[in-house]
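A structural walkthrough
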Amino acid sequence: MWILGLRHGWRLLPGEVARRGGWYPQACEWWREFRAYGWGYFRHLANYENNPGPGSGANDRNDYAAWFEQRRKHAPTDSPPSFDRAGPLLSVVLPVYRPPLHLLKEAIDSVMSQSYSNWELCIADDASNDESLTAYLEDLRKQHTNIRIHLRERNGHISACSNSALALASGEFIVLLDQDDLIPPHALERVVACIQEHPDAGIIFSDEDRIDESGSRRLGAYFKPDFNYDLFIGHNLISHLGVYRRSLVTDVGGFREGLEGSQDWDLALRILEKIQPSQVVHIPEVLYHWRAIQGSTALAQSEKTYTSTAARKAMEDHLERMGVAGEVLASTYLPAFNRVRYAWRPESRTATILVSFDYPADQLRSMLTDLIACAGDVTCDIVVASSRGLSTDQLQPTDAREPLRIQVVPVPASASPAQRLNAMMAHAKGHFVAILTMPLIKASEAWLEELARIAGQPRVGFAAPRVVDGAGLKDIFDHGGILFTDDMRAVHAHKGLFTYMTGYAGRAILQQSFTAVSPALVVARRELLSGPAPFGTAFGGRLDLVDKSLALHHQGLANVWTPEVEIRFNDLRFAGRANLLTELGPFGTRRRAWEAKWTRRLPDPAYNRNLSPDGDFSLNWRLQ
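Section: the nonpolar core
Residues Y244, L364, W447 and L448 are the most contacted members of the largest nonpolar core, which totals 134 residues. Once residues within four sequence positions are removed from consideration, Y244 is found in contact with E172, F173, I174, L176, G202, I203, I238, V249, D264, L267, A268 and I271.

See below:
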């Protein structure tokens, strides 16, 4: 069986190598893994099902409990209160309603054991009518001057109860805590350090993990990217640990009643409308332990289905306040989460499709006919760059009701994709430009309209779809958002996952922004690509388009990737590389130019340093 498996694998090897961009990129990956594993690399191959990561020993690379324990052993011991009374007063807001008393005590003890001492705990009980709970809270009030208690006479649900706790707060920042969750001893100290580093911060949030009811077992963690507005539309990225400047919370009127279940999300949305994105600061460290018990969304989203309805209402109101026309819908692949379908203005429903690659005329004709047929409510013209002497007549379908509006621009055979695009841009007339750098076999219905709806937002640069490898027996992700996980490493997020998989924390099927997106297909407003040579040619190949994507990001525009639009290919010559930057070669001026221009801008805000440099969202076992 082993010999048969080896024979089968050898037969599949050329296709797998092609899916990684060719032999040279694959050889670079093999060498990189060999350096990471040493001679244990061959043992790793023999035990590929467990897939241990470098430095993880016998542990699965996704074994969070083992990873957490390893980090705990190597972490420096918690320092004594280093800020004492010099730092800002933090008000921990804790709404309570009929909690398991032993879990509430653990939550309060986790606050009282903080290494940072300048805090107050503001507890409001939502008319639990529990004598033992009332007695415990009264004892706390008597014994601790920095614990404030409010006992509500009438039950008002979570928003009203949170507002009662908020009314007790006098600190510069509020920290949200649920009645059965925990914060580690250094949590508030890390928050104060962040405040001192970012004195204008309006919202601070951290990574979080889940623990079982006993608190002895760690069930998994969410290592988040930096604040990502497009991902935040889909789900509450901020969540826990959530820290808010109290003056902002007061300005927006506190928690809004009627949004119970998503009251934190709604609060964050209303505060976001008053601050700059740079004032939302992420601490890439687990500072919140979310307890997964019966009735908690930490256990399953279905435990509180009303939260989805409240979240949709919160997002609808946010869009209305921002003056953004759009419809809030359920995510196609995770209905508990959101997506926004932006309004489509009649005056902007024109687009020019730029085709920057050479391909046989009959296949190119068939592809363009199919793309136009399913483009949606948009008027299209096509510009094709050709070094093969193609004519417009060769690309016209013979049985179409109306001829396609096609123009062929001759280019030298040696022209790079960027040079081809610069030659074609002079002929682009549409409000939007769709750049296509690879042949497709299929695109989802209304693909161009849906991408243009996103690209039409003033805050957006490129909009890109998910690109699926349809050459094998099963459809798998290939292209998507690009992650820059190390100084000279850029990978396609979620490459290699089957299309039915949701990926890490749902990120494989939730719309989000990246610093750069795959150049396979991107759509942008034509005004963003104006000028005599909008695409630079310093790096060659498709990296020039990645360079443009990064430039748009650093201009403050979001490069948005959406799984709601899907394109498919089967020509493996156009598959994504395992590491896009191998295209620069190991030495030379192009590599040095890239390093000088972009590597100093790391780390990538769309990734997390606690995740593997491999870019596969597994845990990073290399101690930092």
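Read on for the rest.
Structural notes on empty space enclosed by the protein
Considering all chains together, one arrives at 5 cavities of 30 Å³ or more under this definition. One number sums up the size of the largest cavity: a volume of about 80 Å³. Lining the largest cavity are V93, P95, I158, S162, L176, L177, D178, H240, F255, Q263 and D264. Only β1 (90-96), α7 (157-166) and α11 (263-272) provide two or more residues apiece to the lining of the largest cavity. Of the residues in the lining of the largest cavity, the class split is 6 nonpolar, 3 polar and 2 charged.

Section: the pairing of strand β7 (residues 242-245)
Regular strands place their side chains on alternate faces of the sheet. The alternating pattern of β7 places G242 and Y244 and V243 and R245 on opposite faces, both of which are buried. For strand β4 (residues 173-176) and β7, the ladder comprises 3 bridges, and the chain directions are antiparallel. In the strand pairing of β7, V175 is matched with V243. Two elements, strand β5 (residues 203-211) and β7, share 3 bridges in a ladder whose sense is antiparallel. The residue bridging F205 from the neighbouring strand is G242, located in β7.

A closer look at the pairing of strand β14 (residues 432-436)
By the criterion of burial, β14 is predominantly enclosed, with 5 of the 5 residues buried. With burial as the criterion, each face of β14 is covered, one bearing F432, A434 and L436 and the other bearing V433 and I435. Here 5 bridges tie strand β11 (residues 350-355) to β14, and the two strands are oriented parallel to one another. By the bridge assignment for β14, T352 is matched with V433. In this structure, β14 lies alongside strand β22 (residues 521-525), joined through 5 bridges in antiparallel fashion. Of the residues in β22, the one forming a bridge with A434 is V523.

Some words on the packing of helix α5 (residues 101-112) against helix α6 (residues 131-143)
Interaxial distance between α5 and α6 falls to 11 Å at its minimum, and their mutual angle equals 20 degrees. The orientation of α5 relative to α6 falls into the category roughly parallel. α6 is crossed by α5, and the crossing has right-handed handedness. Here L101, L104, K105 and I108 of α5 come into contact with α6, specifically with S132, L133, Y136 and L140. Here the residues of the contact of α5 with α6 are counted per class, giving 6 nonpolar, 1 polar and 1 charged.

Focus: unusual backbone geometry
Excluding glycine, residues mostly carry a negative phi; peptide bonds, for their part, are mostly trans. With an omega of -10 degrees, the peptide bond between H240 and L241 qualifies as cis. Take L241: it is sitting in the loop between α9 (229-234) and β7. The residue H157 is not glycine, and still its phi comes out positive at about 80 degrees. Mapped onto the elements of the fold, H157 is located in helix α7. Its identity is not glycine, yet A505 carries a phi of approximately 50 degrees, on the positive side. Looking at where A505 falls in the secondary structure, it is placed in the loop between β19 (489-492) and β20 (512-514). Here A505 falls in the partly exposed class, since its relative accessible area comes to 34%.

Structural notes on helix α12 (residues 306-322)
With 17 residues, α12 extends 25 Å from end C-alpha to end C-alpha; this agrees with the ideal 24 Å at 1.5 Å per step. Taken together, the buried positions of α12 are T307, S308, A310, A311, R312, A314, M315, D317, H318 and L319. Where α12 is buried, its residues contact α9, α11, β9 (326-330) and β10 (338-342). Positive phi shows up at G323, right after α12, with a value of about 75 degrees.

What counts as what
Residues numbered from 1 in each chain as written. Predicted model: local features only at pLDDT ≥ 70, side-chain atom pairs only at ≥ 80, totals over all residues. Heavy atoms only, no water. Core = buried A, V, L, I, M, F, W, Y, C linked by side-chain atoms within 4.5 Å. Buried < 20%, exposed > 50% of the residue type's maximum accessible area, 1.4 Å probe, protein only. Contact = heavy atoms within 4.5 Å. 1 Å grid on protein atoms, 1.4 Å probe; cavity = no way out; pocket = protein on both sides within 12 Å on 5 of 7 lines; lining within 4 Å. Points joined across faces, edges and corners; volume = space filled by probe spheres on them. Helix = DSSP H or I, 4+ residues; strand = E, 2+ residues; numbered from the N terminus. Nonpolar A, V, L, I, M, F, W, Y, C, P; charged D, E, K, R; others polar. Pairing = 2+ DSSP bridges. Axes fitted to C-alpha atoms, helices over the stretch in contact; angles between N-to-C directions. Parallel < 35°, antiparallel > 145°, perpendicular 65-115°, else oblique. Left-handed = near helix turned anticlockwise from the far one by under 90°. Expected span 1.5 Å × (residues − 1).

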